[in-house]
Amino acid sequence: MKQRTRVKICCITRAQDALAASAMGVDAIGLVFYEKSPRNISIEQAAAICRQLPAFVTTVALFLDAEQSLIDRVLASVPVDLLQFHGSEEPAFCEQFSRPYIKALGMENTDRKDLISQSRAYSSARGLLLDSHAPGAAGGTGETFDWEYIPVLDKPVILAGGLTVSNVAAAINSVHPWAVDVSSGVESDKGIKDVDLMSAFIQEVDNVNR
């Protein structure tokens, strides 16, 4: 049976965007808790968004080298299903919050052997998100990387980095990822999602899945 590629729309900042994405059949939305990001949202904003989501849409909270106290505060107020760690967090740190997590790995100047080693180090992760940024840096560059460079990994791969309506089909056919993760590729402005772009992106993924 052919694997269905899932879709995560990251860096949601408005309830209307989350609801529109949900109506289109998105699998997950991402909420950013990183103050230096232009797509950062408050705990109160995130809680308000999550209260309006329908069933079966996974909520993902993204952190980059956050203090444990911030993560604890988010988890106390926001019904988060999955954590996403984008920085240099060690496996033991990622494992301590009683939530499943995915680990983002930057592909810029990353050796293939090192990528395999990191995959093994984060054996408790539910998946590995591969992005075009440098290791431990913030994502959201809007740039792709060489998909042919990805080795065979023993974890589900979530492909990110510069995905758009025009290249997501090629990305899926090249990498065969478990999921694709898009943010700036479906935006009209930073943190503001474009309904038409989201719809077209999800339709492209659906076309490949069929």
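To keep things clear, this report deals only with the structure shown in the data block. Chains are numbered independently. Their residues run from 1 in the order of the written sequence. The predicted origin of the model limits local features to residues at a pLDDT of at least 70 and limits the giving and counting of side-chain atom pairs to 80 or more, whereas totals for whole chains, interfaces and linings rest on all residues. Excluding hydrogens and water, the side-chain values take into account all heavy atoms of the structure.

So, about the pairing of strand β6 (residues 127-131). When a strand is regular, its side chains alternate between the sheet's two faces. Burial here depends on accessible area, computed with a 1.4 Å probe over protein chains only, as a share of the maximum for the residue type. Under 20% is buried, over 50% is exposed, and the range in between is partly exposed. Each helix is a run of DSSP H or I of at least 4 residues and each strand a run of E of at least 2, with the numbering of both proceeding from the N terminus. Taken across its five residues, β6 has five buried, putting it largely inside the fold. Burial along β6 is two-sided: the face carrying Gly127, Leu129 and Asp131 and the face carrying Leu128 and Leu130 are both buried. Note on pairing: two strands pair once DSSP finds at least 2 bridges between them. Pairing analysis gives five bridges linking strand β5 (residues 101-106) to β6, with the strands arranged parallel. By the bridge assignment for β6, Leu105 is matched with Leu130. Direction of pairing for β6 relative to strand β7 (residues 157-159): parallel, over a ladder of three bridges. Bridging from a neighbouring strand, Leu130 pairs with Leu159 of β7.

Turning next to the state of the cysteines. Cysteine sulfur atoms that pair up within 2.5 Å are treated as a disulfide. This structure, assessed with the given rule, holds zero disulfides. Of all cysteine sulfurs, the one in Cys11 lies closest to Cys10, which takes part in no disulfide; the gap is 3.8 Å. Lacking any disulfide linkage, Cys50 is separated from the closest cysteine sulfur, that of Cys10, by 13 Å. The exposure class assigned to Cys50 is buried, which follows from its relative accessible area of 9%.

Residues of helix α1 (residues 15-23) that are buried: Ala15, Asp17, Ala18, Ala20, Ala21 and Ser22. Residue contacts are counted whenever heavy atoms from the two residues lie within 4.5 Å of one another. In this structure, the buried residues of α1 make contact with β1 (6-9), β2 (28-32), α2 (43-51), β10 (192-193) and α7 (195-209).

On to the packing of aromatic side chains, then. Aromatic pairs are defined between Phe, Tyr and Trp rings, using the six-membered ring for Trp, whenever the two ring centres lie within 6.5 Å; interplanar angles under 30 degrees are classed as stacked, those over 60 as edge-to-face, and all others as tilted. Within this structure, the stated rule accounts for six aromatic pairs. Members of the aromatic cluster, joined through ring pairs, are Phe33, Phe63, Phe85, Phe93, Phe97 and Tyr101. Between Arg6 and the ring centre of Trp178, over which it is positioned, the NZ or CZ distance is 4.0 Å. The lysine or arginine in question, Lys103, covers the ring of Tyr122, its NZ or CZ lying 5.5 Å from the ring centre. By definition, being over a ring means that NZ of Lys or CZ of Arg is both within 6 Å of the ring centre and within 35 degrees of the ring normal.

Right, let's get into the nonpolar core. In terms of nonpolar packing, the biggest core is built from 59 residues, with Ile9 and Leu130 touching the most fellow members. Judged by nonpolar contacts, the second largest core, of nine residues, contains Ala28, Val60, Leu129 and Ala160. The criterion is simple. A nonpolar core is a set of buried Ala, Val, Leu, Ile, Met, Phe, Trp, Tyr and Cys residues joined through side-chain atoms within 4.5 Å.

A two-sided burial pattern is seen for strand β4 (residues 82-85), the buried positions comprising Leu82 and Gln84 on one face and Leu83 and Phe85 on the other. Convention used here: a crossover is right-handed provided that the path from the first strand, over the helix, to the second strand proceeds clockwise when the strands point away from the viewer. This β-α-β element, strand β3 (residues 58-63) to helix α3 (residues 68-77) to β4, shows right-handed connectivity. Where β4 lies against β5, three bridges are found, and the strand directions are parallel. Residue pairing in the sheet places Leu83 in a bridge with Tyr101 of β5.

With that out of the way, let us pick up the pattern of salt bridges. Pairing between side chains of opposite charge can happen when their charged atoms approach one another. Salt bridges are counted wherever a side-chain nitrogen of Lys or Arg sits within 4 Å of a carboxyl oxygen of Asp or Glu. Applying the stated rule across the entire model yields six salt bridges. The partner of Lys193 in a salt bridge is Glu187, and the shortest N-O contact between them spans 2.8 Å. Across this residue pair, the class does not change: Lys193 and Glu187 are buried. Put simply, Arg39, Glu187 and Lys193 are held in one network by salt bridges that share partners.

A word on the packing of α1 against α7. Interaxial angle, 0 to 180 degrees, is taken between N-to-C directions of lines fitted to C-alpha atoms, where a helix line uses only the stretch in contact. Direction vectors running N to C along α1 and α7 enclose 30°, while the axes themselves pass 10 Å from each other. On the basis of the axis angle, α1 is roughly parallel to α7. Seen from above, α1 lies across α7 with right-handed handedness. Side by side, α1 and α7 meet where Asp17, Ala20 and Ala21 of the first sit next to Val195, Met198 and Ile202 of the second. Under the scheme applied, nonpolar residues are Ala, Val, Leu, Ile, Met, Phe, Trp, Tyr, Cys and Pro; charged residues are Asp, Glu, Lys and Arg; polar residues are all the others, including Gly. Class assignment for the residues of the contact of α1 with α7 results in five nonpolar, no polar and one charged. In this scheme, roughly parallel covers angles under 35 degrees and roughly antiparallel covers those over 145, while 65 to 115 is roughly perpendicular and the rest are oblique. Each crossing gets its hand from how the near helix is turned against the far one by less than a right angle, where anticlockwise is left-handed and clockwise is right-handed.

Even without being glycine, Phe56 reaches a positive phi, approximately 70°. Position of Phe56 among the secondary structure elements: in the loop between α2 and β3.

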